[in-house]
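Working through the structure, step by step
The chain contents come next:
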Amino acid sequence: MKPVWGEITAREINHAVAGLWVKGNSETVLKGLSTDSRTVRPGELFWALKGDRYDGHDFVRQAADRGVAGVVVNRDFVRTQTFELMLAAGLPLIVVAVADTLKALGDLACWWRHRHSLRVVAVTGSAGKTTTKEMIGSILEQTHRILRNPGNFNNLIGLPLSLLMAGPEHQVAVLEMGMNRRGEIGRLTEIADPDLGVITNVGHAHLEGLGDIRNVARAKAEMVEKISTGATVVLNGDDALLMETASRFREDVVTFGFGLENKVRATEIRSHKSGGVSFHLHGGGGVWPVRLRVHGRHNVMNALAASAAVFALGGSGAQVVDGLTRFKGVKGRFTLIELQNGATLVDDTYNANPDSLRAALTAVSELSGREGRVILGIGEMLELGSESEDAHRDAGRTAARIGAHRLLAIGPHAALVVASAVEAGMHRDQAEVVRDHGDMVARIMGDLKPGDIVLIKGSRRMALDQVVAGVVRLST
């Protein structure tokens, strides 16, 4: 029997995680699962997770007061005075104790995944993984019922919660996997047990936790190391470091990229100022003309990754082309917003690392053509460790190289970005540090003309989506 919320019992959950039954009626039916005591609903199971900055066990009583059916806690919690007081209060709760609630959550998700007739596609990489995931979904949803992990549900908490959304109606799960330290991709691969795994690239991201790009490659290649023998692996064949690292674990892979040796590749790439980018897709036993609605050569590479995945699953060229044509992009990832004064705002605020910033600057340069002016609002790139200064210097140099009309930088390394741009040839009056979001919005609006292209990009914690919202609001 396939597990379904509203039908599954506490006994089945306890068996799946090899838990220690503490109290309650094991035949109680559970309506769902939540790790947030603020939003957990009556009849659900509250899963108490312990993180670096919080401990869900501190909120078990709060969850109980909200009417949860039960709680899953670490075993040491049941020996605390807090738990004894809860028992004394006679709360009608199921209590399951495990050695580690985070590991148990992953174990439950893996158990759940294997009790559904579900093919799983997993996507990771330093850049492009969300767009690639969504492109794969856009192609497959024409013929299948798709489950995708929403937003940033791509970590050791979010991915299991996503898998636990699977129901009997789902045929394929397309899951993004993120990480910031070694071991995470390996564990996520164990949990999801993908039938097909995609690695988009290896780049300069999460260096603060990993040290250097070779460690990033090793961390990403954990997918290849841990994936089942019968599964298919799809890799960026143009990424030499990825190919070298992954080959230690497997050589029978499907490759995509611009190089002639790749099994899935693109030729005749053309950017269209009127909208999107076109190319000829080679793969699936033929050559297929594709016109994407999204811009940039980097999105062609994402489309190749998605195409290679679907071809490996048995999809046709016509299906791939139709799905890619339908794809409208992902909010905050090089999303074009036409302003009422005739300028174009490019919202690329979801995140940033040196490789994705370089790709965005190249794409916006191609988009502007020879006529349009480029205005850049650049925020800090975080989690780069010892490479942070070099990365921000390169950002300034690239801004100058593409001939940007204006550079506005914000964050701890903003002065370095500006100085590097000036050293690379940008006029001093064109590059400056801004104080805050409001200051950036004001300076953009004070210089905005019809035909301008404005790119806003930075790491997610820089919250540059507020700049996008400000520019849009003042442009109406």
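Refer to the structure presented above.
Notes on the structure follow. Everything numeric in this text was worked out from a predicted model, so none of it was measured.

Attention now moves to the packing of helix H4 (residues 101-114) against helix H7 (residues 184-192). Across the interface, H4 lies against H7 with an axial gap of 7 Å and an inter-helix angle of 35 degrees. Mapping the contact onto sequence places Lys103, Gly106, Asp107, Ala109, Cys110 and Arg113 in H4 and Arg187, Glu190, Ile191 and Ala192 in H7.

Within the secondary structure, Ala404 is located in the loop between helix H15 (388-401) and strand E18 (406-410). Separated by 29 residues in the primary sequence, Ala404 and Ile375 have C-alpha atoms spaced 6.1 Å apart. Here Ala404 is in contact with Val374, Leu376, Ala399, Met426 and Gln430, once residues within four sequence places are set aside.

Glancing now at the environment of Asp465. Here Asp465 shows up in helix H18 (residues 465-475). For Asp465, a relative accessible area of 45% puts it in the partly exposed group.

It is worth spelling out the sheet that holds strand E14 (residues 286-292) at this point. Strands sit in the order E7-E8-E6-E9-E10-E11-E12-E13-E14 across an open sheet of 9 strands; the sheet is mixed. One side of each edge strand has no neighbouring strand; the edge strands of this open sheet are strand E7 (146-148) and E14. Each strand axis lies, on average, 15 degrees off the axis of its neighbour in the sheet, ignoring direction. The strands that helix H12 (residues 297-312) touches are strand E9 (196-199), strand E10 (232-236), strand E11 (254-257), strand E12 (264-271), strand E13 (277-283) and E14; relative to E12, the one it contacts most, it runs at about 150 degrees.

The next point concerns the layout of surface pockets. Its boundaries defined by the atoms lining it, the second largest pocket holds a volume of some 220 Å³. Along the walls of the second largest pocket sit Thr35, Asp36, Ser37, Arg38, Phe46, Leu49, Tyr54, Gly56, Phe59, Gln62 and Ile157, which together make up its complete lining. Here the residues of the lining of the second largest pocket sort into 5 nonpolar, 4 polar and 2 charged.

Quick notes on the rules
- Residues numbered from 1 in each chain as written.
- Predicted model: local features only at pLDDT ≥ 70, side-chain atom pairs only at ≥ 80, totals over all residues.
- Heavy atoms only, no water.
- Axes fitted to C-alpha atoms, helices over the stretch in contact; angles between N-to-C directions.
- Helix = DSSP H or I, 4+ residues; strand = E, 2+ residues; numbered from the N terminus.
- Contact = heavy atoms within 4.5 Å.
- Buried < 20%, exposed > 50% of the residue type's maximum accessible area, 1.4 Å probe, protein only.
- Pairing = 2+ DSSP bridges.
- 1 Å grid on protein atoms, 1.4 Å probe; cavity = no way out; pocket = protein on both sides within 12 Å on 5 of 7 lines; lining within 4 Å.
- Points joined across faces, edges and corners; volume = space filled by probe spheres on them.
- Nonpolar A, V, L, I, M, F, W, Y, C, P; charged D, E, K, R; others polar.

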